[in-house]
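# Descriptive structure summary
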Amino acid sequence: MKIKICAMLLLCACFLACKEQTDEELFDKFVQRQSADEFLVLQTADTCPLESLDKDYQRIIEHHENDVFLFEKAKSEKETRWCIPLLACPLTEDDIAICMLIDMYKMSDDYFESVMYENIKRKANTAADFWDYLHESKENRSEIIQKIRDWKGLYTSSEILVPWTEEEVLNHSFELISETDIESFLFRKDSDGVLLTSCNYGKKDKFETCPIEYWRIEGCYLYVYPYSVKRKANGIKIAKLKIDKENNILYGYRNNKKVMYKYWEN
């Protein structure tokens with residue numbers, strides 16, 4: 001009898017040892033990892049090749065269907081011993097969850113520059129600006145989490161961006177359909193072949209700015225920018241989903257946010 005009991009206990013121990021941990025259990029184990037060092041350095045896909053990341057970290061970000069608990073963990077302020085290279089402050093559980101979500105959905109550098117950094121004062125143009133903003137208030141953190149959700153919507157969307165042609169832009173006008181914002185463009189080419197656009201920006205019932213800016217097409221994106229130098233980070237990026245010529249409506253994305261423009265040929 002004693003032999004049978006010992007055998008059963010051994011089998012149970014083996015079963016528990018072999019039982020695969022859930023991603024949530026892996027996350028908890030990962031963020032609270034112990035070490036002889038004062039801090040652990042978090043390597044993310046932004047700084048390292050995917051195959052060189054910590055195996056637990058890598059496994060979590062490979063399972064898109066389990067992002068629900070990551071969005072929940074993104075609200076946790078529990079401290080950890082992890083830190084990011086060149087940043088002194090230790091990360092909290094929510095910081096690590098945000099890093100994982102960004103890596104899970106392969107957030108583009110362009111989206112990070114044009115959307116994630118919006119409203120963030122860039123003191124030294126380093127990641128420290130982002131984390132300082134994130135830690136200032138719960139409102140800031142909620143804003144960043146929502147932007148990650150917006151990016152997830154783009155990443156998982158089945159909608160296909162269609163490349164622009166010059167004929168669809170040149171000598172055409174776009175007017176943003178919005179209850180609050182004013183944005184319109186008149187695209188043209190001057191006698192020297194320079195691509196220019198007359199712009200209106202502002203809020204409804206308020207003063208509008210009317211600058212002359214530049215435009216160009218690169219694949220699926222139409223760029224509008226305030227300098228003749230091609231600076232993507234300082235401009236507007238418009239992607240096209242489709243043009244409804246019957247109703248004169250352009251459906252697309254403006255800096256990765258879905259929009260509609262009134263669209264017509266001049």
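Residues numbered from 1 in each chain as written. Predicted model: local features only at pLDDT ≥ 70, side-chain atom pairs only at ≥ 80, totals over all residues. Heavy atoms only, no water.

Bringing the nonpolar core into the picture now. Of all hydrophobic cores here, the largest spans 47 residues; its most connected members are F27, L70, I96, M100, M116, F130 and I148. For this core, the secondary structure elements donating two or more residues are α2 (23–31), α3 (55–61), α4 (67–73), α5 (93–104), α6 (109–116), α7 (127–136), α8 (138–155) and β9 (236–244). Residue contributions to this core peak at eight residues, all from α5. Here F130 is in contact with F112, M116, Y117, I120 and I144, once residues within four sequence places are set aside. Counting residues in each nonpolar core, the second largest holds 18 residues, with V169, F174, C199 and I238 among its members. (Core = buried A, V, L, I, M, F, W, Y, C linked by side-chain atoms within 4.5 Å. Buried < 20%, exposed > 50% of the residue type's maximum accessible area, 1.4 Å probe, protein only. Helix = DSSP H or I, 4+ residues; strand = E, 2+ residues; numbered from the N terminus. Contact = heavy atoms within 4.5 Å.)

Two elements in contact, α7 and α8, have axes separated by 5 Å at closest approach and are oriented at 120°. When the interaxial angle is binned, α7 and α8 end up oblique. Together, F130, Y133, L134, H135 and E136 of α7 and N140, R141, E143 and I144 of α8 make up the contact between the two elements. Here the residues of the contact of α7 with α8 are counted per class, giving four nonpolar, two polar and three charged. (Axes fitted to C-alpha atoms, helices over the stretch in contact; angles between N-to-C directions. Parallel < 35°, antiparallel > 145°, perpendicular 65-115°, else oblique. Nonpolar A, V, L, I, M, F, W, Y, C, P; charged D, E, K, R; others polar.)

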